[in-house]
Amino acid sequence: MAENSLRRNGWIAVRFIVFGVFGFVVMIFAFVMLVDQLTPVHHADGYLAPLGLIEVSGLGAVMMLFGVGEWGRWGYLFVFLSFPVSLLLLLLLPHAGKDAGAIVPTLASVGTYIAVRTYYARRKRPESSAAPHQT
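Our subject in this report is the structure included herewith. (Residues numbered from 1 in each chain as written. Predicted model: local features only at pLDDT ≥ 70, side-chain atom pairs only at ≥ 80, totals over all residues. Heavy atoms only, no water.)

**Details of the overall build of the protein chain**
- Scanning the protein chain from N- to C-terminus turns up 5 helices and 0 strands.
- From first element to last, N terminus to C terminus, the protein chain shows the α and β order α-α-α-α-α.
- Looking at the protein chain as a whole, 24% of its 135 residues are labelled buried.
- In the protein chain, 62% of the contacts between residues at least 6 apart in sequence involve partners at least 24 apart.
- Counting only carbon and sulfur atoms, one obtains 70% of the accessible surface of the protein chain, whose full area is about 10000 Å². (Helix = DSSP H or I, 4+ residues; strand = E, 2+ residues; numbered from the N terminus. Buried < 20%, exposed > 50% of the residue type's maximum accessible area, 1.4 Å probe, protein only. Contact = heavy atoms within 4.5 Å. Areas by Shrake-Rupley, 256 points an atom, 1.4 Å probe, with all protein chains shown as cover.)

**A word on the nonpolar core**
- Met 27, Ile 28, Ala 61, Met 64, Leu 65, Tyr 76, Leu 77, Val 79, Phe 80, Val 116 and Tyr 120 together form the largest nonpolar core, which totals 11 residues.
- The leading source of residues in this core is helix α3 (residues 76–92), at 4 residues.
- Look past the residues within four positions of Leu 65 in its chain and what remains in contact with it is Glu 70, Trp 71, Arg 73, Trp 74, Tyr 76, Leu 77 and Phe 80. (Core = buried A, V, L, I, M, F, W, Y, C linked by side-chain atoms within 4.5 Å.)

**Focus: the packing of aromatic side chains**
- Under the criterion given, the structure shown has 7 aromatic pairs.
- Ring plane angle 55 degrees and centroid distance 5.7 Å describe the contact between Phe 24 and Phe 83, whose orientation is recorded as tilted. Of this pair, Phe 24 sits in helix α1 (residues 2–37) while Phe 83 is found in helix α3, placing the two residues 59 residues apart along the sequence.
- A ring pair is formed by Tyr 76 and Tyr 120, whose centres lie 5.6 Å apart and whose planes are at 10 degrees; its orientation type is stacked. A residue pair is termed long-range when its members are at least 10 positions apart, and Tyr 76 in helix α3 and Tyr 120 in helix α4 (residues 98–124) qualify at 44 residues.
- Using a relative accessible area of 11% as the deciding quantity, one classes Tyr 120 as buried.
- Within the aromatic cluster, the residues linked to one another by ring pairs are Phe 19, Phe 66, Trp 71 and Trp 74.
- The cationic tip of Arg 15 hangs over the ring face of Phe 66; the distance from NZ or CZ to the ring centre is 5.7 Å. (Phe/Tyr/Trp six-rings, centres within 6.5 Å; stacked < 30°, edge-to-face > 60°. Lys NZ or Arg CZ within 6 Å of the ring centre and 35° of its normal.)

See below:
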């Protein structure tokens, strides 16, 4: 039994490192390249590369979903994708300081996580307790 538990914990650790961490790196790298492609310098190169980078960023988010063991709970994609979206919004604000660069993505991710977790908790609750009783 202990060997089976050790093997399972090893698989969870490998899955988290390979898919979770690497998925985060892929998502952020694709996001940075996307922002770079959308600058005025690269508009002459065409618009096909940004579409591919959006797909790669989504692939990174799906890899993270598998890496943290939440496969099938697609709402958690909003949590992962809220990080680069909030960074993009910070780039659009001209007076955002260094402190906002760390606080805003963190708050966006935590807020989205709380909303998604609440959604799945409500979904898990039995419907009989949520429905009003008729007399």
